[in-house]
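Now for the letters of each chain:
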Amino acid sequence: MQLVVGRIGRAHGIRGDVSVEVRTDEPELRLAPGAVLLTDPASAGPLTVESGKVHSGRLLLRFEGVKDRNAAEALRNTILIAEVDPDELPEEEDEYYDHQLIGLDVVLLDGTPVGELTEVVHLPYQDLLTVTKPDGTEVLIPFVARIVPTIDLENQRAVIDPPGGLIDPAEAEVDGGPEEAR
């Protein structure tokens, strides 16, 4: 199974280092020296990590065979993909791979069906779960413990406790703002 673990950003310096937007909770494992990564586009790889370091809060990697700034810049926006055993599970109890979540039935706390989890959207500050409702419409659910208290892989369901209006906009409570306070 393949997991997206990063995206190459700009070149850093003149010796072939690149910044990497990390898309894995296990960068020390997936992006370690010696790791061989597939790429999208495939023509850019595979790439073998030669070395890595953190500089000003960003991960910088150097790949074997990438020896100068021009070669590093040519890799910009390349997606890095790790090959992972499908039976492997994340180290932390409350972490999940996307493929474990896709296809789960999504229900409310009382068991009311909401839809099917069809995609995990990874944003810089928070992940969102895309839930496709029976009528075909999609709802984005913030993947936080308060709103998604239970992921039950054994029973193939995600239990959610959404605030009013998240699933059905007609149920939203609208604040009248400063005019209403008078």
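Here the structure is shown first, and the text comes after it.
*Asks:* Would you mind going over the pattern of salt bridges in detail, with residue names and values included?
*Replies:* Using the criterion set out here, one finds six salt bridges in the structure. The shortest N-O distance in the salt bridge between R62 and D17 comes to 2.7 Å. Within this pair, whereas R62 is found in strand β5 (residues 58-63), its partner D17 is found in strand β2 (residues 17-22), the two being separated by 45 residues in sequence. The residue E50 makes a salt bridge to K67 at a minimum N-O spacing of 3.2 Å. With E50 in strand β4 (residues 47-55) and K67 in the loop between β5 and α2 (69-73), this pair connects stretches of sequence that are 17 residues apart. Residue class for K67 comes out exposed when judged on its relative accessible area of 53%. One salt-bridge network, in which partners are shared between bridges, spans R7, E21 and R23.

*Asks:* Explain the nonpolar core to me, using residue names and the numbers behind them.
*Replies:* Core analysis: the biggest nonpolar cluster contains 21 residues, and L31, L37, F63 and L80 have the highest contact counts within it. Looking at this core, the elements that each hand over two or more residues are β1 (2-12), β2, β4, β5 and β6 (79-83). If one sorts the elements of this core by residue count, β1 sits on top with four residues. Leave out the neighbours within four places in its chain, and F63 touches I8, V18, L37, L47, T48, V49, E50, L75 and L80.

*Asks:* Tell me about the sheet that holds β5, and please be specific about residues and values.
*Replies:* A barrel is described by the order of its strands in space; here six strands give the closed sequence β1-β2-β5-β4-β3-β6, paired in antiparallel fashion. On average, each strand axis in the sheet is tilted by 50 degrees relative to the strand beside it, whichever way the strands run.

*Asks:* Give a description of the sheet that holds strand β7 (residues 105-108) that names residues and reports values.
*Replies:* Taken in spatial order, the six strands make up an open sheet running β10-β9-β8-β7-β12-β11, and their pairing is mixed. At either end of the open sheet lies a strand with only one pairing partner, and these are β10 (138-142) and β11 (150-152). In this sheet, neighbouring strand axes are inclined to one another by 35 degrees on average, regardless of whether the strands run parallel or antiparallel. Summarising the sheet, β11 and strand β12 (residues 157-160) pair through three bridges and their orientation is antiparallel. Residue pairing across strands places T150 opposite V159, the latter belonging to β12.

*Asks:* Kindly report on unusual backbone geometry, identifying the contributing residues and their values.
*Replies:* Cis geometry marks the peptide bond from D40 to P41; its omega dihedral reads 10 degrees. Relative to the assigned elements, P41 resides in the loop between β3 (36-40) and β4. The peptide bond linking G45 to P46 adopts the cis configuration, its omega dihedral lying at 5 degrees. Its location among the elements puts P46 in the loop between β3 and β4. Even without being a glycine, N77 presents a positive backbone phi close to 70 degrees. Position of N77 relative to the elements: it lies in the loop between α2 and β6.

*Asks:* Which residues make up the layout of surface pockets, and what are the values?
*Replies:* In this model, the largest pocket occupies a volume close to 990 Å³. Residue lining of the largest pocket: 29 residues in total, with D25, Y96, D98, H122 and D127 positioned closest to the centre. Within the residue set of the lining of the largest pocket, elements represented by two or more residues are β1, β2, α3 (98-101), β8 (113-122) and β11. Here the lining of the largest pocket is built from residues that sort into 18 nonpolar, three polar and eight charged. Taken as a whole, the second largest pocket holds about 150 Å³ of empty space. Forming the walls of the second largest pocket are 14 residues, and the residues nearest its centre are L108, V114, I167, D168 and E171.

Conventions used here
Residues numbered from 1 in each chain as written. Predicted model: local features only at pLDDT ≥ 70, side-chain atom pairs only at ≥ 80, totals over all residues. Heavy atoms only, no water. Salt bridge = Lys/Arg side-chain N within 4 Å of Asp/Glu carboxyl O. Helix = DSSP H or I, 4+ residues; strand = E, 2+ residues; numbered from the N terminus. Buried < 20%, exposed > 50% of the residue type's maximum accessible area, 1.4 Å probe, protein only. Core = buried A, V, L, I, M, F, W, Y, C linked by side-chain atoms within 4.5 Å. Contact = heavy atoms within 4.5 Å. Pairing = 2+ DSSP bridges. Axes fitted to C-alpha atoms, helices over the stretch in contact; angles between N-to-C directions. 1 Å grid on protein atoms, 1.4 Å probe; cavity = no way out; pocket = protein on both sides within 12 Å on 5 of 7 lines; lining within 4 Å. Points joined across faces, edges and corners; volume = space filled by probe spheres on them. Nonpolar A, V, L, I, M, F, W, Y, C, P; charged D, E, K, R; others polar.

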